[in-house]
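Now for the letters of each chain:
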Amino acid sequence: YGGMGLDFSYNIAVAEELGNIRCAGIPMAIGVQAGMATPALTRFGSHELKKQFLIPTIAGDFVACLGISEAGAGSDVSNIKTTAVRKGDEYVINGGKMWITSGSQADWMCLLANTSKGPPHQNKSLICLPMNLPGIHVAKKIDKLGMRSSDTAQIFFEDVRVPCRNLIGEEGKGFTYQMLQFQEERLWAVATVLTPLETILQETIEYTRQRKVFGQPVLHNQTVHFRLAELAAEVELLRSLLRRAVALYVEGNDVTKFASMAKLKAGRLTREVTDSCLQFWGGMGFTSEVLVSRFYRDLRLVSIGGGTDETMLSIICKYMDILPRK
């Protein structure tokens, strides 16, 4: 279908390289296109659907978005309310999606919707939804704290009709398909922050070496250079965890626990590194002229998007069997 047929470790190599872009919004948009909106279609979609949606997406002719989150259901995917009711050979879709990356420019959406009234983990399906259909309303481009180069939209559906043949895989398996995709999404997110964190640390070292306070470079204060060394060690530990998780995943293992641990650590470490380094930049750190302030805003999303820190902790607890038993 136009792809190179390489294993997932190459996705991670690309994600790390994209970290050289001096903002996080572009790597995130590419990540949605390459590793969030398309994996379920690649794995479970029909040949016809792949010809219609996957080939032009891989070629870069189509922009894809992922329609999961709603105003009342972010990390809690099972609680989504959007419905797709089968009527003849069509689904009629009603509801809305929130915080949709690339939503205002997308050609199609990988939509998760309730297709029956059964149990919440068994009543959801994924549907390829062209974004030019009647009844689709892109309400607004959301004004965000960070990731400002990436458009994020709120979208509503009002009696949107889409052919049943646009169903990805089996009806009722959408939640399962989405959970499989989350492993890759979270590992991608970890990979994209490694290079920015290293860049921030290096630029902070260079700045504090030049900036003098009370007659000596800021870097010469032990509390400063010890802190930077500590943070550099934390970044390398995160890289090692990512490498282990990716190697196990490529071998076919379930790495939900390790992916969740890495995502949790990445979210917290991005906050720790950007906050500490911004402090060492002093007044300049509070301006929009330096990279550390941009990443301070952009990378704050890592603890929220793709599953919050609290969601990651819940998953880790489940895999460690330390949650209260009913």
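Residues numbered from 1 in each chain as written. Predicted model: local features only at pLDDT ≥ 70, side-chain atom pairs only at ≥ 80, totals over all residues. Heavy atoms only, no water.

Caption draft 1: Structural context of the nonpolar core. Residues L41, L126, I168, L187, L242 and V273 are the most contacted members of the largest nonpolar core, which totals 67 residues. Ranked by residues supplied to this core, first place goes to helix α5 (residues 174-210) with 12 residues. Counting the residues that make up this core, at least three belong to each of domain 1 (37-170) and domain 2 (176-320). Once residues lying within four places of it in the same chain are set aside, the contact partners of L242 are I12, E16, L187, V190, A191 and L194. A84, I127, F157 and V160 belong to the second largest nonpolar core, which has 20 residues in total. (Core = buried A, V, L, I, M, F, W, Y, C linked by side-chain atoms within 4.5 Å. Buried < 20%, exposed > 50% of the residue type's maximum accessible area, 1.4 Å probe, protein only. Helix = DSSP H or I, 4+ residues; strand = E, 2+ residues; numbered from the N terminus. Domains from an automatic or database assignment. Contact = heavy atoms within 4.5 Å.)

Caption draft 2: Representation of the UniProt feature "domain: Acyl-CoA dehydrogenase/oxidase N-terminal" (unreviewed entry) in the chain in the model. Taken from the UniProt record, the annotation "domain: Acyl-CoA dehydrogenase/oxidase N-terminal" (unreviewed entry) applies to residues 1-61. End C-alpha to end C-alpha, residues 1-61 measures 13 Å, and it is 67% helix and 0% strand. (UniProt positions renumbered as here; feature names shortened; annotations may be inferred.)

Caption draft 3: View of the environment of E16. In this structure, E16 sits in helix α1 (residues 8-18). On the basis of relative accessible area, E16 is assigned to the buried category, the value being 13%. For the pair formed by E16 and A189, sequence separation is 173 residues and the distance between their alpha carbons is 9.5 Å. Not counting residues within four places of it along the chain, the set of residues in contact with E16 comprises A191, L194, T195, R239, L242 and R243.

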